[in-house]
Amino acid sequence: MKPLVYYCRWQGATLRLRGRDDTAVWGALVFISENGDETTQPFHFNLHTRQLTLTHPTGNHLLQLDDMGVVVKEEK
């Protein structure tokens, strides 16, 4: 889960976990704007492959993270 925590740190997001099993964690990334507005981004993170799936109304956005939470591959 360390890459996900680092990714959130780089993006300025807070994790709000909704569930976890042996292979993944899921929930929402929470972003707070300067005026205090909160936006959430649903996600699913595969612990074994380090693949982060962000859910958008138009479809899923897949990010492959390295050990330090840096995006190394992106698919829309």
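Note that the structure is predicted; figures quoted are calculated from it, not measured.

Below, the discussion takes up unusual backbone geometry. With phi around 60 degrees, Arg50 is a residue other than glycine that occupies positive phi space. For Arg50, the location among the structural elements is in the loop between β3 (38-46) and β4 (51-56).

A separate point is the confidence of the model for the protein. Averaged over every residue, the pLDDT of the protein is 95; residues scoring 70 or more account for 100%. Within the protein, strand β2 (residues 24-32) carries the highest mean pLDDT (97), whereas strand β6 (residues 71-75) carries the lowest (93).

Inspection of the secondary structure puts Leu4 in helix α1 (residues 2-11). Put simply, Leu4 and Leu65 are 61 residues apart on the chain and 7.9 Å apart in space, counted from C-alpha to C-alpha. Dropping the residues within four chain positions of it, Leu4 is found in contact with Leu15, Val25, Phe43, Phe45, Leu52 and Leu65.

For the rest of this paragraph, the subject is the side chain of Thr53. Along the polypeptide, Thr53 turns up in strand β4. In contact with Thr53, not counting residues within four places along its chain, are Pro42, Phe43, His44, Asn60, His61 and Leu62.

A few words now on the nonpolar core. Nonpolar side chains in soluble globular proteins generally cluster together in the buried interior. Judged by nonpolar contacts, the single largest core of 13 residues is most densely connected at Leu4, Tyr7, Leu29, Phe43, Phe45, Leu52 and Leu54. Of all the elements in the fold, those that place two or more residues in this core are α1, β2, β3, β4 and β5 (59-65). When residues no more than four places from it in sequence are discounted, the contact partners of Phe45 are Met1, Pro3, Leu4, Thr23, Ala24, Val25, Arg50, Gln51, Leu52 and Leu65.

Bridge analysis of β4 against β5 gives six bridges, and the strand direction is antiparallel. For Gln51, the partnering residue across the bridge sits in β5 and is Gln64. Where β5 folds back on β6, the antiparallel hairpin that results is connected by five residues, among which Gly69 adopts a positive phi of roughly 80 degrees.

Turning to the sheet that holds β3, a few remarks are in order. Pairing in this open sheet of six strands is antiparallel, and the strands run β1-β2-β3-β4-β5-β6 from one edge to the other. Every interior strand has two partners, whereas the edge strands, β1 (14-20) and β6, have only one. Averaged over neighbouring strand pairs, the angle between their axes works out to 25 degrees when direction is ignored. The pairing of β5 with β6 spans four bridges and is classified as antiparallel. Residue pairing across strands places Leu63 opposite Glu74, the latter belonging to β6.

Reading the values: rules and limits
Residues numbered from 1 in each chain as written. Predicted model: local features only at pLDDT ≥ 70, side-chain atom pairs only at ≥ 80, totals over all residues. Heavy atoms only, no water. Helix = DSSP H or I, 4+ residues; strand = E, 2+ residues; numbered from the N terminus. pLDDT = per-residue confidence, 0-100. Contact = heavy atoms within 4.5 Å. Core = buried A, V, L, I, M, F, W, Y, C linked by side-chain atoms within 4.5 Å. Buried < 20%, exposed > 50% of the residue type's maximum accessible area, 1.4 Å probe, protein only. Pairing = 2+ DSSP bridges. Axes fitted to C-alpha atoms, helices over the stretch in contact; angles between N-to-C directions.

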